[in-house]
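# Structural overview
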Amino acid sequence: MINLIRRHIMRISFLLLVLCFSTGLMILTPNVDTSKVGADNDYLINLYTELHQSPELSLEEKETSKKLANELRKVGFEVTENFGGYGIVGILKNGKGPTILYRTDMDALPMYEKTGLAYKSEVEVPYNGGKVGTMHSCGHDIHMTNWVGTARYMASIKDQWKGTLMFIGQPAEEIGAGARAMLAAGLYEKFGVPDYGIGLHSSPSLPAGTVGLSDGYTMANSEFADIKVFGIGAHGATPHMSIDPVVTASMIVMELQTIASRSVKPIDDVVVTVGAIKGGTKHNIIPDEVTLQITMRTFTEEVRLLVHKRIEEIARGVAIAAGLPDDKMPEVIFREEFTPANFNHPELIESLRKSASKVLEAKNILEAEPQMVAEDFSLYGKTEHQVPTALFWLGTVPDQRIQSGDLPGLHSPFYYPEPAKSLETGVTVVSQAMLDLLNQ
């Protein structure tokens, strides 16, 4: 009961803070000392370079997590390691006040880096029976370094705020498993329920020195499905003796495109992508089975379930049209790796926007469009505690790339951020947001 009352008081305080922002009655809180943040940039760039050159894949972030844990301990955090895999939880208590969760992800992707940078990753690891390069092509190295920089700055100004900082180093974001693992390990039960959750993500299209914010849905539900398409095999020269699953699967692929164009309302966002078709062994053999691998992206639960229904209906309908018997109907398997959509709490985003306006020029605070990519950061706000969360975009693109229009996307072997400006902007904005929330 005491905790429930406390949370109600915190929510009321939060609404009063938003009211003050919206009416111009700004609560007086300290502004971030940008010169102090800038003075730390050399240290952070060195750390960023180290992280960039030593990427580790999902569930293998052993050395990365050690490095981040040591950085937090240096500035006074109490650190728990190996939590929910290689996850780390750093706690810095500084009197009575709100608790703010700030998460970074730590894992890299299995791909060779092709940026040509002097400090590019040369790491190669065993993977699926062979070898593969390893690269921070999703910007997690920038996320981690911003996280460390914010920890260093906030720890150095403890006389300017009261409350608790909960810094989460999360593994396995790229496979949608890390946040779930840390919550399942008892994150909130062991360390307390935060009053707010904050995260940032590198943007491959916004200039370094800017931030992009939006309330409501900002990233999509992400799901995977497999469709096993059966048939009757035969010699490639006698197709009339078969029911060809390659053809059936191809027809299913084409019919799936009508989900977005004909089944879902035009104002609702949906993506259904067939990423892989697997089947057959030789040019002249018609196989008896083909598998389709699909990713689905939606925002609302209503549309998500409609997509499920239509996938099953299309797969069965095409199979019937091909002449397959009931015992050879396709099997549609929806995978358990479901990442829910990120929903930015409107009041928290408004608070972040006001905080950013204290340390950035208005032209550098941009309205971000919703994206169909996904992020398991959403799970921190999806528990029974309903923690208000917000994930914003950090501009990272170097000026010369903006001018040339050369904008590789995330997960591209050619993507890289402009570290100095990206780090200074990220640390400044997050630190100011924390100061304003902690000083309610």
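Secondary structure assignment for the protein chain yields 12 helices and 19 strands. By the compact-globule yardstick of 22 Å for 440 residues, the protein chain fits well, its C-alpha radius of gyration being 24 Å. Out of the 440 residues in the protein chain, the part that is buried amounts to 52%. Across the protein chain, every contact between residues at least 6 apart in sequence was considered, and the portion connecting residues at least 24 apart equals 81%. As displayed, the protein chain offers around 19,400 Å² of accessible surface, 55% of which is attributable to carbon and sulfur atoms.

Counted by the stated rule, this structure contains 21 salt bridges. With a shortest N-O distance of 3.4 Å, Glu71 and Lys74 are connected by a salt bridge. Of this pair, Glu71 and Lys74 both sit in helix H4 (residues 62–74), three residues apart, roughly one helical turn. The buried category is assigned to Glu71, whose relative accessible area is 7%. One network of salt bridges, in which partners are shared, links Arg103, Asp105, Glu375 and Asp376.

Further remarks concern unusual backbone geometry. The bulk of non-glycine residues show a negative phi, and the bulk of peptide bonds are trans. Unlike most non-glycine residues, Asn128 shows phi in positive territory, near 50°. Note on placement: Asn128 falls in the loop between strand E5 (124–127) and strand E6 (130–135). For Asn128, a relative accessible area of 72% corresponds to the exposed category. The phi dihedral of Ala172 is positive, around 55°, even though this residue is not glycine. Positionally, Ala172 belongs in the loop between strand E7 (163–170) and helix H6 (178–184). Using a relative accessible area of 1% as the deciding quantity, one classes Ala172 as buried.

Next up on the list: H4. With 13 residues, H4 should reach 18 Å at 1.5 Å per residue; the first-to-last C-alpha distance of 19 Å fits that figure. When we look at burial in H4, the residues that qualify are Thr64, Ser65, Leu68, Ala69, Glu71 and Leu72. For H4, the buried positions fall inside an angular range of 160° around the axis, keeping them on one side. The secondary structure elements touched by the buried residues of H4 are helix H3 (41–53), strand E1 (78–80), strand E2 (88–94), strand E3 (99–105), helix H5 (140–156) and E7.

One broad rule of soluble globular proteins: the nonpolar side chains tend to lie buried together. One finds Met154, Leu165, Phe167 and Met434 to be the most contacted residues of the largest nonpolar core, which totals 52 residues. With nine residues, the top contributor of residues to this core is helix H12 (residues 419–438). Met434 has contacts with Ile100, Tyr102, Thr150, Met154, Leu165 and Phe167, leaving out every residue within four places of it along the chain. Grouped together as the second largest cluster of nonpolar side chains are 22 residues, Val253, Leu256, Val290 and Met296 included.

Summed over the entire model, instances satisfying the criterion amount to eight aromatic pairs. Considering the side-chain rings of Trp147 and Phe167, the 5.6 Å spacing of their centres and the 45° angle between planes classify their relative orientation as tilted. Note that Trp147 is positioned in helix H5 and Phe167 in strand E7, a separation of 20 residues in sequence. Exposure remark for Trp147: the relative accessible area of 0% places this residue in the buried category. Taking relative accessible area as the criterion, Phe167 reaches 0% and is therefore assigned buried. Taken together, Phe77, Tyr102, Trp147 and Phe167 form an aromatic cluster joined through their ring pairs.

Bringing the sheet that holds E6 into the picture now. With respect to topology, three strands assemble into an open sheet ordered E4-E6-E5, the strand pairing being antiparallel. Here the strands that pair on one side only, and so sit at the sheet edges, are strand E4 (109–110) and E5. Pairing of E4 with E6, which is carried by two bridges, proceeds in the antiparallel orientation. Each residue of the ladder has a partner; that of Leu109, found in E6, is Met135.

Let's shift gears to the side chain of His308. Mapped onto the elements of the fold, His308 is located in helix H9 (residues 301–322). Among the residues examined, His308 registers a relative accessible area of 13% and is labelled buried. Once residues lying within four places of it in the same chain are set aside, the contact partners of His308 are Glu223, Met296 and Phe334.

Here is what the cut-offs are and how they apply
- Residues numbered from 1 in each chain as written.
- Predicted model: local features only at pLDDT ≥ 70, side-chain atom pairs only at ≥ 80, totals over all residues.
- Heavy atoms only, no water.
- Helix = DSSP H or I, 4+ residues; strand = E, 2+ residues; numbered from the N terminus.
- Rg over C-alpha atoms; globule rule 2.2 N^0.38 Å.
- Buried < 20%, exposed > 50% of the residue type's maximum accessible area, 1.4 Å probe, protein only.
- Contact = heavy atoms within 4.5 Å.
- Areas by Shrake-Rupley, 256 points an atom, 1.4 Å probe, with all protein chains shown as cover.
- Salt bridge = Lys/Arg side-chain N within 4 Å of Asp/Glu carboxyl O.
- Expected span 1.5 Å × (residues − 1).
- Arc of directions from axis to C-beta.
- Core = buried A, V, L, I, M, F, W, Y, C linked by side-chain atoms within 4.5 Å.
- Phe/Tyr/Trp six-rings, centres within 6.5 Å; stacked < 30°, edge-to-face > 60°.
- Pairing = 2+ DSSP bridges.

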